[in-house]
Amino acid sequence: MKKQKFKINMVRNLLLLVALITWACGDNSSSAESSGPSSSSETDCDGTGCVTSACIDRTVFVFSTDYKAGELRWIEETAGHAAVISEDKLDFYQDSKIINAGGNFFVLERAGADNLTLLDPCKKEVLWQTALEDYSNPTDVVMADESSAWVALEGAQNFVKVSVADGKILKTVKTDAFTSKGGTSPNLADFAVCGDTLFAVFQRYVYDAATYTSTYPKGLLAWYDLKTGELLDTLSLATKNPAMMAATSENLYVATQGEYDEMWSLPADENRGIEKVDLVKKTSSLFVTGAKLGGGATDIAVDKKNALAYVAVSAGFSKAVVSVNLKDGSVKELKDISGADGGFYFDAKSGLLYTGDRTFSDVLFYDGKDVLVVEKGDMAPLPPYGITVSGK
């Protein structure tokens, strides 16, 4: 890591000029040429979570946990133009996800707490919190329209639409028909949106408490009307245990982990990888195998501008991040990034990939060429677990 950090220090100022440019909350006309926060207190959010006043909106947030306590911090710019994890924090349940959906900042407190929280990212205050079904385990949030959002529930046999104004549940969409025989839910893992279509991917595994193992059928992809939640179509995937999805205008890419082996590892083989779903033909095939990736694909983010996918890869204790050329499927390992088990987020506006390394408690930025490790300051934050950027 010493060699890596020396290299990182040389490019810190260059990356921070890109990463830490911020905009005032509610200013949808901002661009990369903006010189800094606006002093305007105008807003067009009308209570939907984007709060008024002269505040820094596009901020990198990091959720950290030691599996006993959870804390939400953010990255600040010091007088010396160094990126530092904040000393201030907000406490949340130890197993939580943070998601920016349409400029609305959600905290998903997962199985055991099962709450959905809308946060004001400017004032660092909770706007509202909604209790979800016990052990429903929320996994994702996407906007249905400007005033409502869909919430994916891994542990329930449904997903729900909530009001962004107050968190009230507006609609419940049943998914029990997708539950495998012997399973307790269809295990909705992730949402993706393309146009007016909502995609939901289901793992559909069956857990055996006696042997502590799970049996996985092939993953299932379902199409829904984004606004109404009406089921439109379904498709069986080519591989098992899907984790995350990312969409382009023509294709949907699904990261699949496949089944674990007897050592609880995800082997580098042909039984997992990145599937490409042709949204016109409604077919899916393995685009990049686990053999090429080096293991199972646990997360994916698409850089549409450069026709790349960034993929988090796991093979037991070995973890890596790779880039995949979406034109020819070629794979390149990003060797300066040791893994993404502590967060994985691509910000299309800045062109930066953010990852978290739980082993070293590091948060990293990657701009396609160089890497930056965010300084921790004088305190010791918990190991990172999730990363997102607020604002639109």
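Overview of the structure.

Definitions and limits used
Residues numbered from 1 in each chain as written. Predicted model: local features only at pLDDT ≥ 70, side-chain atom pairs only at ≥ 80, totals over all residues. Heavy atoms only, no water. Helix = DSSP H or I, 4+ residues; strand = E, 2+ residues; numbered from the N terminus. Buried < 20%, exposed > 50% of the residue type's maximum accessible area, 1.4 Å probe, protein only. Contact = heavy atoms within 4.5 Å. Areas by Shrake-Rupley, 256 points an atom, 1.4 Å probe, with all protein chains shown as cover. Salt bridge = Lys/Arg side-chain N within 4 Å of Asp/Glu carboxyl O. Patch = residues over 30% accessible without salt bridge, like charges linked within 9 Å, V, L, I, M, F, W, Y side chains within 5 Å. Lys, Arg positive; Asp, Glu negative; His and termini not counted. Charge placed at Lys NZ, Arg CZ, Asp CG, Glu CD. Pairing = 2+ DSSP bridges. Axes fitted to C-alpha atoms, helices over the stretch in contact; angles between N-to-C directions. Polar contact = N/O pair within 3.5 Å; in protein donor to acceptor, adjacent residues only side chain to side chain. Phe/Tyr/Trp six-rings, centres within 6.5 Å; stacked < 30°, edge-to-face > 60°. Lys NZ or Arg CZ within 6 Å of the ring centre and 35° of its normal.

Looking at the overall build of the chain
Here is step 1: A count of helical and extended segments in the chain gives two helices and 31 strands.
Here is step 2: The burial tally for the chain puts 56% of its 392 residues in the buried class.
Here is step 3: Across the chain, every contact between residues at least 6 apart in sequence was considered, and the portion connecting residues at least 24 apart equals 46%.
Here is step 4: With the model as given, the accessible surface of the chain reaches about 17500 Å², and the carbon-plus-sulfur share is 49%.

Comments concerning the pattern of salt bridges
Here is step 1: One pass over the full model with this rule turns up seven salt bridges.
Here is step 2: One salt bridge connects K89 with D91, and the closest N-O pair in it is separated by 2.7 Å.
Here is step 3: With a relative accessible area of 56%, D91 lands in the exposed category.
Here is step 4: In this structure, D233 engages K282 in a salt bridge whose closest nitrogen and oxygen atoms are separated by 3.2 Å. One end of the pair, D233, is in strand β18 (residues 231–240); the other, K282, is in the loop between β21 (273–278) and β22 (283–289), with 49 residues separating them in the sequence.
Here is step 5: Accessibility expressed as a relative area gives 29% for D233, which makes it partly exposed.

Quick notes on a negative patch on the surface
Here is step 1: Together, E76, E87, D88 and D378 make up a region of like negative charge exposed at the surface.
Here is step 2: Looking at the secondary structure, you find E76 in strand β2 (residues 70–77).

A few points about the sheet that holds strand β8 (residues 125–131)
Working definition: the strands of a sheet are paired by backbone hydrogen bonds and lie parallel or antiparallel to each other.
Here is step 1: Sheet architecture is open: four strands sit in the order β5-β6-β7-β8, paired in antiparallel fashion. Pairing within the sheet leaves two strands with one partner each, and these edge strands are β5 (96–101) and β8. Here the strands of the sheet are splayed against their neighbours by 25° on average, with no regard to which way each runs.
Here is step 2: By the bridge criterion, six bridges tie strand β7 (residues 115–120) to β8 in an arrangement that is antiparallel. Bridging from a neighbouring strand, L116 pairs with T130 of β8.

Some details on a nonpolar patch on the surface
Here is step 1: The grouping of Y207, Y212, Y260 and W264 at the surface amounts to a nonpolar patch, some 520 Å² of accessible area in total.
Here is step 2: Assignment of secondary structure puts W264 in the loop between β20 (251–256) and β21.
Here is step 3: The exposed category is assigned to W264, whose relative accessible area is 54%.

Side note on the sheet that holds strand β28 (residues 352–357)
Here is step 1: The strand order β27-β28-β29-β30 describes an open sheet built from four strands, whose pairing is antiparallel. A single partner strand is all that each edge strand has here, and the edge strands are β27 (344–347) and β30 (371–373). Adjacent strand axes in the sheet meet at a mean angle of 20° when their direction is disregarded.

A closer look at the pairing of β20
Here is step 1: Of all six residues that make up β20, six are buried, and the element is covered over most of its length.
Here is step 2: Here β20 shows no split at all, with N251, Y253 and A255 on one side and L252, V254 and T256 on the other all buried.
Here is step 3: Note: strand β19 (residues 242–247) against β20, five bridges, orientation antiparallel. Counterpart to A247 in the pairing with β20 is L252.
Here is step 4: The antiparallel pairing of β19 with β20 creates a hairpin that spans three residues between the two strands.
Here is step 5: In terms of strand pairing, β20 meets β21 through six bridges, oriented antiparallel. Within β21, the position partnered with T256 by the bridge is G273.

Notes on the side chain of D362
Here is step 1: Relative to the helices and strands, D362 is located in strand β29 (residues 362–366).
Here is step 2: On the basis of relative accessible area, D362 is assigned to the buried category, the value being 2%.
Here is step 3: At a separation of 2.6 Å, a polar atom in the side chain of D362 contacts the side chain of K376.

Observations regarding the packing of aromatic side chains
Here is step 1: On inspection of all chains with the given rule, the structure shows 17 aromatic pairs.
Here is step 2: Where W150 meets F159, the ring centres are 5.4 Å apart and the plane angle is 75°; that geometry is what we call edge-to-face.
Here is step 3: Classification of W150 as buried rests on a relative accessible area of 0%.
Here is step 4: An aromatic cluster of three or more residues is present, and its members are W150, F159, F191 and Y224.
Here is step 5: Across the ring face of W223, the terminal group of K282 is positioned such that the distance to the ring centre comes to 5.4 Å.

Considerations on the environment of Q203
Here is step 1: On the secondary structure map, Q203 appears in the loop between β14 (197–202) and β15 (206–208).
Here is step 2: A C-alpha to C-alpha distance of 9.6 Å links Q203 and F178, two positions 25 residues apart in sequence.
Here is step 3: Not counting the four nearest positions on each side in its chain, Q203 is found in contact with P186, N187, A189, Y216, P217, N241, P242, A243 and Q257.
Here is step 4: Within the structure, Q203 has its side chain in polar contact with the side chain of N241 (distance 3.4 Å).

Side note on the pairing of strand β17 (residues 218–225)
Here is step 1: Most of β17 sits out of view: six of its eight residues are buried.
Here is step 2: In this structure, β14 lies alongside β17, joined through six bridges in antiparallel fashion. Its bridge partner being in β17, F202 is matched across the sheet by L220.
Here is step 3: The turn joining β17 and β18, which pair antiparallel and follow one another in sequence, is formed by five residues; a positive phi near 80° is taken by G229.

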